[in-house]
Amino acid sequence: MRIRVCKFGGSLLTHPAAIERMGRWLAAQPSARTVVLVGGGNAVESLRQQSARGELCDDSAHWRAVAAMGEHARLLQAQIPAGLLARSLAEIAFVPPELGSAESLPAELFFFDPTATLHNEDRRFSAGPLPSTWDVTSDSIAARIAQLLRAAELVLWKSCDLPAGSSLCRWSDGGFVDRYFPQAAAGLRAIRSVNLASAELTESPAAL
């Protein structure tokens with residue numbers, strides 16, 4: 001079963017054409033079971049400001065931001081009936097016996113709430129759970145889910161172009177992804193970004 005993990009940037013939640021472009025991009029891709037995580041957007045920026053003022057500790061802010069990702073996954077799924085909401089890795093990887101092998105299934109689309117997985121599977125199956133700090137954002141969370149699912153690729157849907165052919169460290173140093181991302185994404189087979197704010201859907205593969 002080929003799995004593709006995609007991260008829909010929070011800044012795209014208010015972009016009028018982002019959902020249509022996401023669908024257009026997916027329609028042009030090879031068949032895969034596609035898992036979409038959604039960034040926290042303005043809700044997370046509010047949490048970041050509260051944290052900076054000392055009103056929230058990093059751990060509390062982290063888990064509230066993860067909860068915001070889950071809420072946004074529900075909002076996006078409600079706009080795309082073809083997609084299913086998933087709250088666990090098993091919901092994505094499971095194939096009912098009567099449907100045969102995973103390879104025989106058509107491409108499927110899931111919108112993923114990562115809350116339970118980060119609380120449970122990540123802590124049980126990862127060498128080290130993701131840090132509960134501002135070094136980790138939805139980019140690193142998507143990378144960790146891609147690791148846990150052994151995804152064929154990770155796609156970051158952004159609202160800007162990233163430097164094509166650059167290392168993950170350069171993406172991180174430039175502020176395009178979070179500080180922990182090079183560690184979270186280490187070992188993934190393919191990573192690329194797609195600019196959904198651009199009608200051309202510009203792609204930027206990372207150098208791995």
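**Student:** Mind showing me how you'd approach the overall build of the protein here?
**Tutor:** In terms of helices and strands, the protein carries 9 helices and 7 strands. Its C-alpha atoms put the protein at 55 × 40 × 35 Å along the principal axes. Of all 208 residues assigned to the protein, the portion counted as buried reaches 52%. Taking the contacts inside the protein whose residues are at least 6 apart along the sequence as the reference set, 74% of them involve residues at least 24 apart. As displayed, the protein offers around 9600 Å² of accessible surface, 53% of which is attributable to carbon and sulfur atoms. Taken as two groups, the 20 positive and 21 negative side-chain charges of the protein have centres that lie 1 Å from each other.

**Student:** Please explain the pairing of strand β5 (residues 153-158) as it appears in this structure.
**Tutor:** Along any regular strand, the residues point their side chains to alternate faces of the sheet. Of all the 6 residues making up β5, 6 are buried; the element is thus mostly covered by neighbouring parts of the structure. Burial along β5 is two-sided: Glu 153, Val 155 and Trp 157 facing one way and Leu 154, Leu 156 and Lys 158 facing the other are all buried. Alignment of strand β1 (residues 3-8) against β5, held across 5 bridges, turns out to be parallel. Note that in β5 the partner of Arg 4 across the bridge is Glu 153. As paired strands, β5 and strand β6 (residues 191-195) are joined by 5 bridges and run parallel to one another. Within β6, the residue paired with Val 155 across the bridge is Arg 192.

**Student:** Explain the packing of helix α2 (residues 42-52) against helix α3 (residues 58-79) to me, please; I cannot follow it from the model alone.
**Tutor:** Two packed helices can be described by the angle between their axes and the distance between those axes. For the pair α2 and α3, interaxial distance at closest approach is 9 Å and the crossing angle is 170 degrees. One element, α2, and the other, α3, form an angle in the roughly antiparallel class. Contacts between α2 and α3 involve Ala 43, Val 44, Leu 47 and Ser 51 from the first element and Asp 58, Ala 61, Arg 64, Ala 65, Ala 68 and His 72 from the second. Residue composition of the contact of α2 with α3, grouped by class: 6 nonpolar, 2 polar and 2 charged.

**Student:** Where do I start with the packing of aromatic side chains in this structure?
**Tutor:** The geometry of an aromatic ring pair is captured by the separation of the ring centres together with the interplanar angle, meaning the angle of the planes. Throughout the structure, instances matching the rule amount to 2 aromatic pairs. A ring pair is formed by Phe 8 and Trp 157, whose centres lie 6.3 Å apart and whose planes are at 85 degrees; its orientation type is edge-to-face. Within this pair, whereas Phe 8 is found in strand β1, its partner Trp 157 is found in strand β5, the two being separated by 149 residues in sequence. Accessibility classification places Phe 8 together with Trp 157 in one group, the buried group. Note on Trp 25 and Trp 157: the rings are 5.8 Å apart at their centroids and 85 degrees apart in plane angle, and the pair reads as edge-to-face. Residue Trp 25 is located in helix α1 (residues 18-27), and its partner Trp 157 is located in strand β5; the two are separated by 132 residues in the primary sequence. As far as burial versus exposure is concerned, Trp 25 and Trp 157 are alike and both buried. Pairwise contacts between aromatic rings join Phe 8, Trp 25 and Trp 157 into one cluster.

What counts, and at which threshold
Residues numbered from 1 in each chain as written. Predicted model: local features only at pLDDT ≥ 70, side-chain atom pairs only at ≥ 80, totals over all residues. Heavy atoms only, no water. Helix = DSSP H or I, 4+ residues; strand = E, 2+ residues; numbered from the N terminus. Buried < 20%, exposed > 50% of the residue type's maximum accessible area, 1.4 Å probe, protein only. Contact = heavy atoms within 4.5 Å. Areas by Shrake-Rupley, 256 points an atom, 1.4 Å probe, with all protein chains shown as cover. Lys, Arg positive; Asp, Glu negative; His and termini not counted. Charge placed at Lys NZ, Arg CZ, Asp CG, Glu CD. Pairing = 2+ DSSP bridges. Axes fitted to C-alpha atoms, helices over the stretch in contact; angles between N-to-C directions. Parallel < 35°, antiparallel > 145°, perpendicular 65-115°, else oblique. Nonpolar A, V, L, I, M, F, W, Y, C, P; charged D, E, K, R; others polar. Phe/Tyr/Trp six-rings, centres within 6.5 Å; stacked < 30°, edge-to-face > 60°.

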